[in-house]
Amino acid sequence: MRKLTKYRVLTVFCRCGQKLLKYKKGPGRRLLKIHRDRITEDYTGLFLNDYSEKGSDIHCPSCDKRFATVQIVNGKYVNKVNQGQLGQTK
């Protein structure tokens, strides 16, 4: 397993403006997947304490739209982000 050495910390918002989490993003363009071990702060409690089955959806607590889907990538559970619901990242 590779250790993430170069990253920037993003604050991730839903499209409705709900502040969701702080996340260590590696190099690359867009936020596609959210790995549980890279979350530094979970404002809503949706991601860190979530042990949902593969294929289940994570909804925004304020607008109740699907924000991410739980999937297994390389043997790890990750949250695949719905790009249409992803708001501003700072």
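This text goes with the structure placed above it.
Numbers given for residues are sequential positions, taken from 1 along each chain in its written order. Restriction of local features to residues with pLDDT of at least 70 applies here, the model being predicted, together with a cutoff of 80 or more for giving and counting side-chain atom pairs; totals for whole chains, interfaces and linings are based on all residues. Excluded from the side-chain calculation are hydrogens and water; included are all heavy atoms of the structure.

Novice: Looking at this model, I keep getting lost on the sheet that holds strand S8 (residues 86–89). Mind explaining?
Specialist: Think of a sheet as strands paired side by side through backbone hydrogen bonds, with each pair either parallel or antiparallel. Taken in spatial order, the 4 strands line up as S4-S2-S1-S8 in an open sheet, and their pairing is antiparallel. Edge strands, defined here as strands with exactly one partner in the open sheet, are strand S4 (39–42) and S8. Strand-to-strand twist across the sheet, computed as the mean angle between neighbouring axes with direction ignored, equals 25 degrees. Two strands are counted as paired when DSSP detects at least two bridges linking them. In this text, helices come from DSSP runs of H or I with a minimum length of four residues, and strands from runs of E with a minimum of two, each type numbered from the N-terminal end. A fitted line through C-alpha atoms represents every axis, and for helices the fit uses only the stretch in contact; the resulting angles, taken between N-to-C directions, go from 0 to 180 degrees.

Novice: Explain the pattern of salt bridges to me, please; I cannot follow it from the model alone.
Specialist: In a structure, side chains of opposite charge can pair up when their charged atoms sit close to one another. Whenever a carboxyl oxygen of Asp or Glu lies within 4 Å of a side-chain nitrogen of Lys or Arg, that contact is scored as a salt bridge. Applying the stated criterion to the full structure yields 1 salt bridge. Of the charged contacts in the structure, one is a salt bridge between Lys76 and Asp37, with a shortest N-O distance of 3.6 Å. Separated by 39 residues along the polypeptide, Lys76 in strand S7 (residues 76–81) and Asp37 in the loop between strand S3 (33–35) and S4 bring together distant segments of the chain.

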